Amino acid sequence: MFVPKIAIIGAGPAGLTLARLLEYNNMACTIFELDADRNNRDQGGTLDLHIKTGQLALREAGLIEEFNKLARPEGEGMKVVKFDGTVLYDDGHNTTNVLSEGPWERPEIDRVLLRNMLLDSVKPETISWNKKLFRIEPSSGDSKHRFDLHFADGTVEKEFDLVVGADGAWSKIRPLLTNEWPFYSGVTAVELWALDVQERHPWLSEYVGSGSCFMFDEGRALLCQRNGNNSIRAYAAVRQPESWSKDCGIDWSKPATARKALVDQYFADCGEDVKRVIQDANDDLKLRLAYMLPVGVEWQSRPGVTLIGDAAHLMTPFAGVGVNIAMADALDLAQHILSCRDGFNSKSDENLQDALAEAIKKFEASMFARAKPNALKSTNGLRGHFSAGGAEEFAERIHRLKNTTNSSK
Ligand SMILES: Cc1cc2nc3c(=O)[nH]c(=O)nc-3n(C[C@H](O)[C@H](O)[C@H](O)COP(=O)(O)OP(=O)(O)OC[C@H]3O[C@@H](n4cnc5c(N)ncnc54)[C@H](O)[C@@H]3O)c2cc1C
């Protein structure tokens, strides 16, 4: 019987969802992850999982009930303000019409909770931690399209029938399939944290509400999101050259003066509330440069290797779809791999490798079709949010959406 040896590079949402779906359907795989363990790194802020993509993948993986316990449906609340502080839209304090039980359209979940849920859903031995992939090579003397994995610690894992690159923006697998490489989108965000907000930042807590609070304007934006654990994460984003964070003269190692300089130099004409959000954060500042792949990246399918998630179609976060598309890829790929399993008992290895190659080809065609419109949406979000009138346009869109939803009820 042919049992394909499958490696997944990266234990992010895409790689973990794929591993869970395969294991849940009794197919083994190994994830190789560069982090030393699950607590090695701050996982970032909050993610909204959409009902037809991210949530669907979890449903198929038998995890939707667990997800519903961890999700924050009130996180769908939204407030939109203009640069001068005028509130254009606000349902961020109205949690009374949130259904007490799912299904919810786009509930939020903290990244760390999503990752831990997925990690706990696979066998501990499925994940090989502290394994930074250094390079991938075709297995020597092998005519069956198998691959060897070379790790930064000098070890080599050999002869995988399928290697799935779920290793995010700077994928080490991508160069096997395409020469495309991420480029700077033009936007740098300064990430600001506020912890224990109800006690230590009551004004901020009230201002942001239960979900997101956004300000969009020409060349700048402020994106605040309530996270679990009584905290708020905000991004003060500016359209500036890639070298801006080094060249701008702001000393990021001195958070209080850096926050003041950021306000004085880039947000001075904004309303007092908008400025106060930046001033009211904790001392933990992080710079996040947004990179993206060109819209509509495709490649010629190559047996034995493929990509999912950001590795395949890195987008800026300005449409809030990246993780959803990543998890939809995982579901789609798992279904294509599992679809050839029936033949694994009956046919020769070679026929089955051909079947696996065909499944990968079909998966990629469907992934390309899914990724392109979403990448376009992200690009349009990037353009629209950082333009004069960006907040008004966004608020109008939400009004329209809410009206359509209400009238179709
Ligand atoms: C600020 C911000 C906000 C966002 N908000 C949203 C949102 O609200 N909604 C949404 O849908 N999307 C959002 N996104 C996008 C979302 O985070 C990504 O699309 C999603 O994380 C992609 O998942 P992934 O598993 O493909 O990649 P990643 O999450 O990048 O995971 C890749 C994994 O691979 C590992 N890895 C990398 N290189 C190697 C290597 N060489 N060897 C071994 N392991 C390796 C990494 O350690 C990591 O664990 C946001 C992104 C950012 C930056």
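As the structure is a computational prediction, the values presented were derived from the model and not from experiment.

## Comments concerning the environment of C224
Here C224 is to be found in strand β14 (residues 220-227). A relative accessible area of 1% places C224 in the buried class. For the pair C224 and W193, spaced 31 residues apart in the sequence, the C-alpha separation amounts to 9.5 Å. When residues no more than four places from it in sequence are discounted, the contact partners of C224 are V208, G211, S212, C213, F214, R233, A234 and V277.

## Observations regarding the site of the ligand
As a matter of local geometry, the ligand sits amid 31 residues, with E33, R111, L133, D310 and V323 nearest to it. L133 is positioned with one of its backbone polar atoms (N or O) 2.9 Å from a nitrogen atom of the ligand. The separation between an oxygen atom of the ligand and a polar side-chain atom of D310 is 2.7 Å. Protein coverage of the free-state accessible area of the ligand, which is 1,000 Å², stands at 82%. Looking at the shell around the ligand, the elements that each hand over two or more residues are α1 (13-24), β3 (46-48), α4 (111-120) and α11 (322-339). Across the shell around the ligand, the residue classes break down as 13 nonpolar, eight polar and 10 charged.

## Comments concerning the sheet that holds strand β1 (residues 6-9)
Strands in a sheet are paired, the pairing made by backbone hydrogen bonds, and the direction either parallel or antiparallel. A sheet is described by the order of its strands in space; here five strands give the open sequence β7-β2-β1-β11-β17, paired in parallel fashion. A strand with exactly one partner marks an edge of an open sheet, and here the two such strands are β7 (127-128) and β17 (305-307). Relative to strand β11 (residues 162-165), β1 runs parallel, the two being bridged by four bridges. Residue pairing for β11: I9 is matched across the bridge by G165.

## A word on the packing of aromatic side chains
Within this structure, the stated rule accounts for 13 aromatic pairs. Following the ring pairs from residue to residue traces out a cluster consisting of W170, W181, Y184 and Y291. K5 extends its terminal NZ or CZ atom over the ring of F160, reaching a point 4.7 Å from the ring centre.

## Some remarks on the pairing of strand β13 (residues 212-217)
Where a strand is regular, its side chains alternate between the two sheet faces. Among the six residues of β13, six are classified as buried, and the element is accordingly described as predominantly covered. Residue alternation in β13 divides its side chains into two sets, S212, F214 and F216 and C213, M215 and D217, and both sets are buried. Where β13 meets β14, six bridges bridge the pair, whose relative direction is antiparallel. Pairing of S212 across the sheet is with Q225, part of β14. Counted along the chain from β13 to the antiparallel partner β14, the turn is two residues long, and its residue G219 has a positive phi close to 70°.

## Description of the domain arrangement of the protein chain
As far as domains go, the protein chain holds domain 1 (6-71 + 111-179 + 293-385) and domain 2 (183-290). Summarising the inter-unit geometry, the C-alpha centres of domain 1 and domain 2 are found 32 Å apart. Counting residues at the interface gives 10 residues for domain 1 and 16 residues for domain 2. For the pair domain 1 and domain 2, the two sides together bury roughly 930 Å², of which 61% comes from carbon and sulfur. It is D42, T46 and H385 in domain 1 that bury the most area against domain 2; as a group they hold 47% of the surface buried on that side.

## What about the sheet that holds strand β10 (residues 156-160)?
Strand order in this open sheet of three strands is β8-β9-β10, and the pairing throughout is antiparallel. Across the chains shown, the open sheet's two edge strands, defined by having one partner strand only, are β8 (133-138) and β10. When strand polarity is set aside, the average angle formed by the axes of neighbouring strands in this sheet is 20°. Sheet analysis places strand β9 (residues 147-151) next to β10, joined by three bridges and oriented antiparallel. Of the residues in β10, the one forming a bridge with F147 is F160.

## Quick notes on unusual backbone geometry
The phi angle at N130 is positive, at roughly 60°, despite the residue not being glycine. When you line up the elements, N130 lands in the loop between β7 and β8. Under the relative-accessibility criterion, N130 is labelled partly exposed at 48%. The phi torsion at D196 lies on the positive side, around 45°, for a residue other than glycine. Tracing the backbone shows D196 in the loop between β12 (183-194) and α5 (197-200). Here D196 falls in the partly exposed class, since its relative accessible area comes to 35%.

## Quick word on the side chain of S185
Mapped onto the fold, S185 is located in strand β12. If near-sequence neighbours (up to four positions away) are discounted, S185 is found in contact with A290, Y291, M292, T316 and L382.

## Structural notes on the pattern of salt bridges
On inspection of all chains with the given rule, the structure shows 23 salt bridges. Two residues, K69 and E66, come together in a salt bridge whose shortest N-O distance is 3.9 Å. Of this pair, K69 and E66 are both found in helix α3 (residues 64-70), three residues apart, which corresponds to roughly one turn of the helix. Here D264 makes a salt bridge to K260, at a shortest N to O gap of 2.7 Å. Taken together, the residues span about one helical turn, with D264 and K260 both in helix α8 (residues 255-266) at a distance of four residues. Accessibility expressed as a relative area gives 42% for D264, which makes it partly exposed. Among the residues examined, K260 registers a relative accessible area of 45% and is labelled partly exposed. Salt bridges sharing common partners tie together E33, D35 and R115.

Conventions used here
- Residues numbered from 1 in each chain as written.
- Predicted model: local features only at pLDDT ≥ 70, side-chain atom pairs only at ≥ 80, totals over all residues.
- Heavy atoms only, no water.
- Helix = DSSP H or I, 4+ residues; strand = E, 2+ residues; numbered from the N terminus.
- Buried < 20%, exposed > 50% of the residue type's maximum accessible area, 1.4 Å probe, protein only.
- Contact = heavy atoms within 4.5 Å.
- Near = heavy atom within 4 Å.
- Polar contact = N/O pair within 3.5 Å; in protein donor to acceptor, adjacent residues only side chain to side chain.
- Areas by Shrake-Rupley, 256 points an atom, 1.4 Å probe, with all protein chains shown as cover.
- Nonpolar A, V, L, I, M, F, W, Y, C, P; charged D, E, K, R; others polar.
- Pairing = 2+ DSSP bridges.
- Phe/Tyr/Trp six-rings, centres within 6.5 Å; stacked < 30°, edge-to-face > 60°.
- Lys NZ or Arg CZ within 6 Å of the ring centre and 35° of its normal.
- Domains from an automatic or database assignment.
- Buried area = accessible area lost by both parts, 1.4 Å probe.
- Axes fitted to C-alpha atoms, helices over the stretch in contact; angles between N-to-C directions.
- Salt bridge = Lys/Arg side-chain N within 4 Å of Asp/Glu carboxyl O.

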